[in-house]
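# Descriptive structure summary
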Amino acid sequence: MSKHCNHRSPLIFGGKFFSELDEAAYTCVRQVLFNSECDNAVTYKFDGEFIKPSFMGDVIYIECEITEMRFKTITVHVQAYREPEPTEKVEDASHILVATADFVFVTMQKDKYVNHGLTLQEK
């Protein structure tokens, strides 16, 4: 949408894009915390990379996977893809990788950092 663009429209603003990735990762963490004593999590740090640009009107797909669990932290790997335009000549016509990020969340209970007590299940 136009509200997601920077002053070089139709390019998507990177800060807004990464906030969407953070929200997707947080949603993933909240789902696993339903089976724990924790009531919340907060982003502790992230490492991200823009691979290709995204533009106003692009359809964006976001995939999240929990890759690590430590006593008080949960790490989520996020990949964002955009659907190519029919006129684009791309190797994989189903999606184009546009960004990746790894988010580390610290788990909380009543505003204190606590051990979540969960383990990462094998695939």
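The coordinates are above.
The text that follows walks through the structure, step by step, so that each part is easy to find. These numbers were taken from a predicted model, which means no experiment stands behind them.

## Let's talk about the nonpolar core
By size, the foremost hydrophobic cluster in this structure holds 22 residues, and its most contacted members are F17, L21, V29, I74, V76, F103 and F105. Only α1 (14-33), β2 (60-69), β3 (73-82) and β4 (96-109) provide two or more residues apiece to this core. It is α1 that provides the largest number of residues to this core, a total of seven residues. Not counting chain neighbours up to four residues away, the residues in contact with V76 comprise A25, C28, V29, C64, E65, I66, T67, A101, D102, F103 and F105.

## Brief notes about the pattern of salt bridges
According to the stated counting rule, one finds three salt bridges in the structure shown. Among the ionic pairs, R82 bridges to D58, the shortest N-O distance being 3.8 Å. Here the residue R82 occupies a position in strand β3, and D58 occupies one in the loop between β1 (40-50) and β2, the gap between them amounting to 24 residues. Taken individually, R82 and D58 each receive the classification buried, so the pair is uniform in this respect. Between R70 and E68 there is a salt bridge, and its shortest N-O distance comes to 3.1 Å. The exposure class assigned to R70 is exposed, which follows from its relative accessible area of 53%. We classify E68 as partly exposed; its relative accessible area is 30%.

## Structural notes on the packing of aromatic side chains
Evaluated as defined, the whole model comprises six aromatic pairs. When the ring of F18 is compared with that of F50, the centres are 4.7 Å apart and the planes differ by 75 degrees; the resulting orientation is edge-to-face. Within this pair, whereas F18 is found in helix α1, its partner F50 is found in strand β1, the two being separated by 32 residues in sequence. Accessibility expressed as a relative area gives 12% for F18, which makes it buried. In this structure F50 comes out as partly exposed when scored by relative accessible area, which is 45%.

## Quick word on α1
A rise of 1.5 Å per residue sets the reference length of α1, with its 20 residues, at 28 Å; its end C-alpha atoms lie 29 Å apart and thus fit the reference within 8%. Of all the positions in α1, only F17, F18, L21, A25, C28, V29 and L33 are classed as buried. The buried residues of α1 occupy an angular sector of 160 degrees when projected down its axis, which confines them to one face. Summarising the geometry of α1, the exposed residues directed more than 90 degrees from the buried face are E23 and Q31. Residues of α1 that are buried sit in contact with β1, β2, β3 and β4.

## So, the pairing of β3
Within β3, eight of the ten residues are buried, which leaves the element mostly enclosed by the surrounding structure. Examined bridge by bridge, β2 and β3 share nine bridges and lie antiparallel to one another. Considered in β3, the bridge of M69 is made with I74. The turn linking β2 back onto β3 is made up of three residues. Bridging between β3 and β4 involves ten bridges; their strand directions are antiparallel. Bridging from a neighbouring strand, Y81 pairs with L97 of β4.

Definitions and limits used
Residues numbered from 1 in each chain as written. Predicted model: local features only at pLDDT ≥ 70, side-chain atom pairs only at ≥ 80, totals over all residues. Heavy atoms only, no water. Core = buried A, V, L, I, M, F, W, Y, C linked by side-chain atoms within 4.5 Å. Buried < 20%, exposed > 50% of the residue type's maximum accessible area, 1.4 Å probe, protein only. Helix = DSSP H or I, 4+ residues; strand = E, 2+ residues; numbered from the N terminus. Contact = heavy atoms within 4.5 Å. Salt bridge = Lys/Arg side-chain N within 4 Å of Asp/Glu carboxyl O. Phe/Tyr/Trp six-rings, centres within 6.5 Å; stacked < 30°, edge-to-face > 60°. Expected span 1.5 Å × (residues − 1). Arc of directions from axis to C-beta. Pairing = 2+ DSSP bridges.

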